[in-house]
2 protein chains.
Amino acid sequence: MTEPRPRKTGSKPIESITFDEIDQRILEMLQKDSDTPIQAISEAVGLSTNPCWRRIKRMEEAGLIKKRVVLVDQTRANVPLTVFIGISTSRHEIDWLNRFRDLIDEIPEVVEAYRLTGTVDYILKVVVPDMASYDAVYKQMIQRLEFSQVNSMISMEELKFTTAIPTNYL
Amino acid sequence: MTEPRPRKTGSKPIESITFDEIDQRILEMLQKDSDTPIQAISEAVGLSTNPCWRRIKRMEEAGLIKKRVVLVDQTRANVPLTVFIGISTSRHEIDWLNRFRDLIDEIPEVVEAYRLTGTVDYILKVVVPDMASYDAVYKQMIQRLEFSQVNSMISMEELKFTTAIPTNYL
DNA sequence: GTTGAAACACAATTAAC
DNA sequence: GTTAATTGTGTTTCAAC
């Protein structure tokens, strides 16, 4: 990943789309609430609607804005319980990893999964109605794949949750 | 068809708004892509646009749909690195917790934070450009608050990430 | 090439049936 | 729940800078 290439000389290849502070501010607003009218955004950043709209479209085409989604309330959707699962395995093979990938893809309660460095090989974020449901997910997993260590960490309280990532590194 | 009214006996207080399988399917689509035209949604669930729209509005008013947001690409936003931080503290006081809450609120790189059961008291999800930036965040934290144990788990690969929570428990 | 104002089209919203 | 009218966006166009 050699993304940022501050080319001083030579010919500029094909890419290197840059975004400025105005784009950042637009993104910030859109990450908080994507149905903010362009009108409101444009006057917030001191631009008229047209250039503002063009910037948004540009960020979408560049893939910086991936998509727009609705966020659902966990409690009201009857899945108030969040559990993190730390997983270790002795099976360090590509085949095992692929089967693991398939497994978590099939389970909608698993909303996030990462392969890590260190002693814990994987971490999963699971969203369920209650402990009984969690247990069902847990069993479903261990009967399909072999783990050497599974450590469940139950969330008692969500201190912070946002889908808005920092824009100040653009 | 009349409104879904499963209640046969007893008086349920003020709330108890129910959602059926059609609502689930609408939610699923909206969680994947919120600018799916209502027209497309309605024909997918076998409804005409108006009742479909009324359902969406109802879910918004009920707070089931919290909001609509844009999702930004981590890599293109120059924050490709995800780090989980497992934190333990010896300071089990409400005051410490409040200061901790303030701290993570102020740091935009911290996108998620949970208070846990077990030996690890808190888990944080942090999103940064590189290890140097992570170190800066780390230092910022430990100089403002006292931790008894900090365990950084660096993500090598994102196996799964979705903001779509399961709808089948509604 | 970039901007802002004004016209256009379409989807969301409302009202009536 | 269906159909139709309305409003308000997003989107495009175009003249001006």
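Rules used in this analysis
Residues numbered from 1 in each chain as written. Chains lettered and ligands numbered in written order. Predicted model: local features only at pLDDT ≥ 70, side-chain atom pairs only at ≥ 80, totals over all residues. Heavy atoms only, no water. Near = heavy atom within 4 Å. Polar contact = N/O pair within 3.5 Å; in protein donor to acceptor, adjacent residues only side chain to side chain. Helix = DSSP H or I, 4+ residues; strand = E, 2+ residues; numbered from the N terminus. Nonpolar A, V, L, I, M, F, W, Y, C, P; charged D, E, K, R; others polar. Contact = heavy atoms within 4.5 Å. Least-squares fit on C-alpha atoms with pLDDT ≥ 70 in both. Domains from an automatic or database assignment. Buried < 20%, exposed > 50% of the residue type's maximum accessible area, 1.4 Å probe, protein only. Phe/Tyr/Trp six-rings, centres within 6.5 Å; stacked < 30°, edge-to-face > 60°. Buried area = accessible area lost by both parts, 1.4 Å probe. Salt bridge = Lys/Arg side-chain N within 4 Å of Asp/Glu carboxyl O. Pairing = 2+ DSSP bridges. Axes fitted to C-alpha atoms, helices over the stretch in contact; angles between N-to-C directions.

- Under an unreviewed UniProt entry, chain A has the name Transcriptional regulator, AsnC family and belongs to Celeribacter neptunius.

**Overview of the protein's contact with DNA strand C**
So, point 1. Taken together, Ser48, Asn50, Pro51 and Arg54 of chain A together with Pro37, Ile38, Asn50, Trp53 and Lys57 of chain B are the residues near DNA strand C.
So, point 2. Sugar and phosphate atoms form 59% of the subset of DNA strand C atoms that lie within 4 Å of the protein.
So, point 3. Take Ser48 of chain A: an N or O atom from its side chain is 2.9 Å from a phosphate oxygen of DNA strand C.
So, point 4. For the surface near DNA strand C, the secondary structure elements donating two or more residues are helix 3 (49–61) of chain A together with helix 3 (49–61) of chain B.
So, point 5. For the surface near DNA strand C, the class distribution of residues is 4 nonpolar, 3 polar and 2 charged.

**Looking at the side chain of Asp73 of chain A**
So, point 1. Looking at the element boundaries, Asp73 of chain A is found in the loop between strand 1 (65–72) and strand 2 (81–88).
So, point 2. There is a polar contact of 3.0 Å between the side chain of Asp73 of chain A and the backbone nitrogen of Thr75 of chain A.
So, point 3. Dropping the residues within four chain positions of it, Asp73 of chain A is found in contact with Gly63, Leu64, Lys66 and Ile165 of chain B.

**Points about the relation of the copies chain A and chain B**
So, point 1. For the pair chain A and chain B, the relating rotation is 180°, the translation along its axis is 0.0 Å, and the fit reaches an RMSD of 0.1 Å. Considering both components of the superposition, the chain copies are consistent with a two-fold axis. Using C-alpha coordinates, one finds that chain A approaches the rotation axis most closely at Val69 of chain A, a distance of 2.9 Å.
So, point 2. When the interface residues of chain A are mapped onto chain B, 98% of them again lie at the interface, so the same face is used by both copies.

**Brief notes about the domain arrangement of chain A**
So, point 1. Considered domain by domain, chain A is made up of domain 1 (21–62) and domain 2 (75–154).
So, point 2. The distance between the C-alpha centroids of domain 1 of chain A and domain 2 of chain A comes to 37 Å.

**Observations concerning the environment of Ile154 of chain B**
So, point 1. Inspection of the secondary structure puts Ile154 of chain B in strand 5 (residues 149–161).
So, point 2. The class for Ile154 of chain B is buried, based on a relative accessible area of 19%.
So, point 3. Distance in space between the C-alpha atoms of Ile154 of chain B and Asp33 of chain B is 29 Å, their sequence separation being 121 residues.
So, point 4. The residues touching Ile154 of chain B, leaving out its near neighbours within four places in the chain, are Arg115, Leu116 and Thr117 of chain A together with Leu81, Thr82, Val83 and Met131 of chain B.

**Brief notes about the packing of aromatic side chains**
So, point 1. Applying the stated criterion to the full structure yields 14 aromatic pairs over all chains.
So, point 2. Taking the centre distance of 5.8 Å and the plane angle of 90° together, the rings of Trp96 of chain B and Phe147 of chain B count as edge-to-face. Of this pair, Trp96 of chain B sits in helix 4 (residues 94–106) while Phe147 of chain B sits in the loop between helix 5 (131–142) and strand 5, and the two are 51 residues apart along the sequence. Residues Trp96 of chain B and Phe147 of chain B agree in their burial class; the two are buried.
So, point 3. Ring geometry for Phe100 of chain B and Phe147 of chain B: centres 6.0 Å apart, planes at 75°, overall edge-to-face. With Phe100 of chain B in helix 4 and Phe147 of chain B in the loop between helix 5 and strand 5, this pair connects stretches of sequence that are 47 residues apart. With respect to burial, Phe100 of chain B and Phe147 of chain B carry one shared label: buried.
So, point 4. Among the aromatic residues, those joined into a cluster by ring pairs are Trp96, Phe100, Tyr122 and Phe147 of chain A.

**A few points about the interface of chain A and chain B**
So, point 1. With 66 residues of chain A in contact, the opposing surface of chain B contributes 67 residues.
So, point 2. Both sides of the chain A and chain B interface together cover about 6700 Å² of buried area, and 60% of this is carbon and sulfur.
So, point 3. Considering only the side of chain A, the residues that lose the most area to chain B are Val70, Leu159 and Lys160 of chain A, jointly responsible for 12% of the buried surface there.
So, point 4. Connecting chain A to chain B are 8 salt bridges.
So, point 5. We note a salt bridge from Arg115 of chain B to Glu157 of chain A, for which the minimum N-O separation is 2.8 Å.
So, point 6. Counting across the chain A and chain B interface gives 47 residue pairs in polar contact (both at pLDDT 80 or more).
So, point 7. When contributions to the side of chain A that touches chain B are tallied by element, the ones reaching two or more residues are helix 1 (21–32), strand 1, strand 2, helix 4 (94–106), strand 3 (110–116), strand 4 (122–128) and strand 5 (149–161) of chain A.

**A few points about the protein's contact with DNA strand D**
So, point 1. Surrounding DNA strand D, one finds Pro37, Ile38, Asn50, Trp53 and Lys57 of chain A together with Ser48, Asn50 and Pro51 of chain B.
So, point 2. Of what DNA strand D places within 4 Å of the protein, 58% of the atoms are sugar or phosphate.
So, point 3. One nitrogen or oxygen atom from the side chain of Asn50 of chain A is found 2.5 Å from a base oxygen belonging to DNA strand D.
So, point 4. Those elements that provide at least two residues to the surface near DNA strand D are helix 3 of chain A together with helix 3 of chain B.
So, point 5. The greatest single-element share of the surface near DNA strand D, amounting to 3 residues, is contributed by helix 3 of chain A.

**Observations concerning the pairing of strand 5 of chain A**
So, point 1. Sheet analysis places strand 2 of chain A next to strand 5 of chain A, joined by 6 bridges and oriented antiparallel. If you follow Ile87 of chain A over to strand 5 of chain A, its bridge partner there is Val150 of chain A.

**A short note on the sheet that holds strand 2 (residues 81–88) of chain B**
So, point 1. Pairing in this closed barrel of 8 strands is antiparallel, and the strands run 2(A)-4(A)-3(A)-5(B)-2(B)-4(B)-3(B)-5(A) around the ring. Shown here is a sheet whose adjacent strand axes are inclined to one another by a mean of 35°, direction ignored.
So, point 2. In the packing of helix 5 (residues 131–142) of chain A onto the sheet, contacts are made with strand 2, strand 4 and strand 5 of chain A, and the angle to strand 4 of chain A comes to roughly 140°.
So, point 3. Helix 4 of chain B contacts strand 5 of chain A together with strand 2, strand 3 (110–116) and strand 4 (122–128) of chain B of the sheet and is inclined by roughly 80° relative to strand 5 of chain A.

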